[in-house]
Amino acid sequence: MGQHTRPKLCPMRSQLQCEAEPLLDVPEVFIAISPAASWSCLHSFNMFKSYNTKVYHSKALTSPYPRSRIERSHVPEDKVSWLVEWKDYNPVEYTAVSILAGPSWADPQINDKDFSPKFNERDGEVERRSLNGLYMVENGRPRNPVGRTGLTGRGLLGRWGPNHAADPVVTRWKRDGSGNKVAHPVTGKNILQFVAIKRRDCGEWAIPGGMVDPGEKISATLKREFEEEALNSLQKSPEEKAELEKQLHKLFREEHFVVYRGYVDDPRNTDNAWMETEAVNYHDETGEALDNLPLEAGDDAGKVKWVDISEKLKLYANHSYFIKLVTERWEAHWTEEPECQE
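Residues numbered from 1 in each chain as written. Predicted model: local features only at pLDDT ≥ 70, side-chain atom pairs only at ≥ 80, totals over all residues. Heavy atoms only, no water.

Draft legend 1. Quick look at the overall build of the protein. Scanning the protein from N- to C-terminus turns up five helices and 16 strands. Put simply, the protein has 342 residues, and 51% of those count as buried. Here the analysis covers contacts within the protein between residues at least 6 apart in sequence; of these, 71% occur between residues at least 24 apart. Total accessible area on the protein stands at roughly 17,100 Å², and carbon and sulfur atoms take up 50% of it. (Helix = DSSP H or I, 4+ residues; strand = E, 2+ residues; numbered from the N terminus. Buried < 20%, exposed > 50% of the residue type's maximum accessible area, 1.4 Å probe, protein only. Contact = heavy atoms within 4.5 Å. Areas by Shrake-Rupley, 256 points an atom, 1.4 Å probe, with all protein chains shown as cover.)

As structure tokens, this is what we get:
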């Protein structure tokens, strides 16, 4: 066995706990148990009932690994957890050539003599704290807090440990030609729509999010990613950008709520690098702020459009889960199946 670096345990939460939590009724509880909460300004506007959601590996176990022919070592469901001893575990080592080339946004290899990362800390401008609490470091490498993935190294991810993203969930009510909200014929609940992009890399529909730049505030990332991916702001003239800023200003300044903060079951995850996100809902209740918004795919997006929300949506990573939480907040249509009564 290699040497373990064991961080001190928070008395209310184990670093081995494999649960990610939507923000609950009392954000103070999350702040008290999460050392990462301080680096993002949280809004307490959240009306979910208190509950935990078990995070598991599904997409993080799929093969071949994205944009490669690399096959992960098979990990049975009962062997995902690190708490289950598995002496014969033999994961495949893989870091994409594009990452090894050393782009400015990526870490060096872990054995680089000039690389001394400070895991579980803010490391200069790089955020190496996890939204899910402390994580283990084994043989100098961070260990995926949810469990085994069948692959070591970084794959397509730039950072060792958590790779932070932000996902803006921009919503409005579906309306008819007269401007009235449209209700689902079975449930009678009003139908929400959200701005979705079709990813160029895998062809799946997704929330138009992206990576948090070093030193960047989450609020800035959310707005920037929406502009780049859903409005193609990178290709706009200064005058066009100014007009977009004017239209978006009201939406992004209005009251919004944090849908989810934590680990993401992403197909790019490895044993040593994984995705985490903060998903935030910006809702245009009247539809006026977004009526004339010129949706145009840009950056990593192949297509962009307003999509009716329902459980039939098949989205990238666990974006469907984020969307479901939004429908619960607004008491909108999600499923035709009868709701379970406790």
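Draft legend 2. Summary view of helix H4 (residues 238–253). Counted at 1.5 Å a residue, the expected span for H4 with its 16 residues is 22 Å, and the 22 Å between its end C-alpha atoms agrees. Inspection of H4 places Leu 244, Gln 247, Leu 248, Leu 251 and Phe 252 among the buried residues, and these make up the whole buried set. Contacts from the buried residues of H4 go to strand S10 (161–173), helix H3 (218–230) and strand S15 (273–284). (Expected span 1.5 Å × (residues − 1).)

Draft legend 3. Quick look at the pairing of strand S9 (residues 151–155). With five of five residues buried, S9 is to be regarded as a mostly interior element. Here strand S4 (residues 92–95) pairs with S9 via three bridges, running parallel. Opposite Glu 93, over in S9, you have Thr 152 as the bridge partner. (Pairing = 2+ DSSP bridges.)

Draft legend 4. Region of the structure containing the nonpolar core. Phe 194, Val 259, Ile 309, Leu 313, Phe 322 and Ile 323 are the most contacted members of the largest nonpolar core, which has 37 residues in total. Residue assignment for this core shows that the elements contributing at least two residues are S10, strand S11 (192–199), strand S14 (257–263), S15 and helix H5 (319–330). Once residues within four sequence positions are removed from consideration, Phe 194 is found in contact with Val 170, Thr 171, Ala 206, Ile 207, Lys 305, Trp 306, Val 307, Ile 309, Leu 313, Leu 315 and Ile 323. Residues Val 170, Phe 226, Ala 230 and Leu 290 belong to the second largest nonpolar core, which totals 21 residues. (Core = buried A, V, L, I, M, F, W, Y, C linked by side-chain atoms within 4.5 Å.)

Draft legend 5. The packing of aromatic side chains, seen in detail. On inspection of all chains with the given rule, the structure shows 10 aromatic pairs. Between the aromatic rings of Phe 252 and Tyr 282, the centroid separation amounts to 4.3 Å while the plane-to-plane angle is 40°, which identifies the pairing as tilted. Taken together, the residues span a long stretch of sequence, with Phe 252 in helix H4 and Tyr 282 in strand S15 at a distance of 30 residues. Looking at Phe 252, the relative accessible area reads 10%, which means it is buried. Each ring, one from Tyr 260 and one from Tyr 321, has its centre 6.0 Å from the other, and the planes form 85°; the classification is edge-to-face. Of the two residues, Tyr 260 sits in strand S14 while Tyr 321 sits in helix H5, which places them 61 residues apart along the sequence. Taken together through their ring pairs, the aromatic side chains of Trp 82, Trp 86 and Tyr 89 make up a single cluster. (Phe/Tyr/Trp six-rings, centres within 6.5 Å; stacked < 30°, edge-to-face > 60°.)

Draft legend 6. Focus on the environment of Val 326. Following the sequence through the fold, Val 326 ends up in helix H5. With 67 residues separating them along the chain, Val 326 and Val 259 place their C-alpha atoms 6.8 Å apart. For Val 326, the residues in contact, after removing those within four places along its chain, are Val 169, Thr 171, Leu 192, Phe 257, Val 259 and Asn 281.

Draft legend 7. Geometry of the side chain of Glu 127. Its location among the elements puts Glu 127 in strand S6 (residues 126–127). A polar atom in the side chain of Glu 127 sits 3.4 Å from the side chain of Arg 122. Of the polar contacts made by the side chain of Glu 127, one reaches the side chain of Arg 129; its length is 2.8 Å. (Polar contact = N/O pair within 3.5 Å; in protein donor to acceptor, adjacent residues only side chain to side chain.)

Draft legend 8. Layout of H5. In this model, H5 (12 residues) spans 17 Å end to end at C-alpha, consistent with the 16 Å of a helix rising 1.5 Å per residue. Among the residues of H5, those classed as buried are His 319, Ser 320, Phe 322, Ile 323, Leu 325, Val 326, Thr 327 and Arg 329. Against the buried residues of H5 lie S10, S11, strand S12 (205–206), S14 and S15. At the exit of H5 stands Glu 331, carrying a positive phi of roughly 55°.

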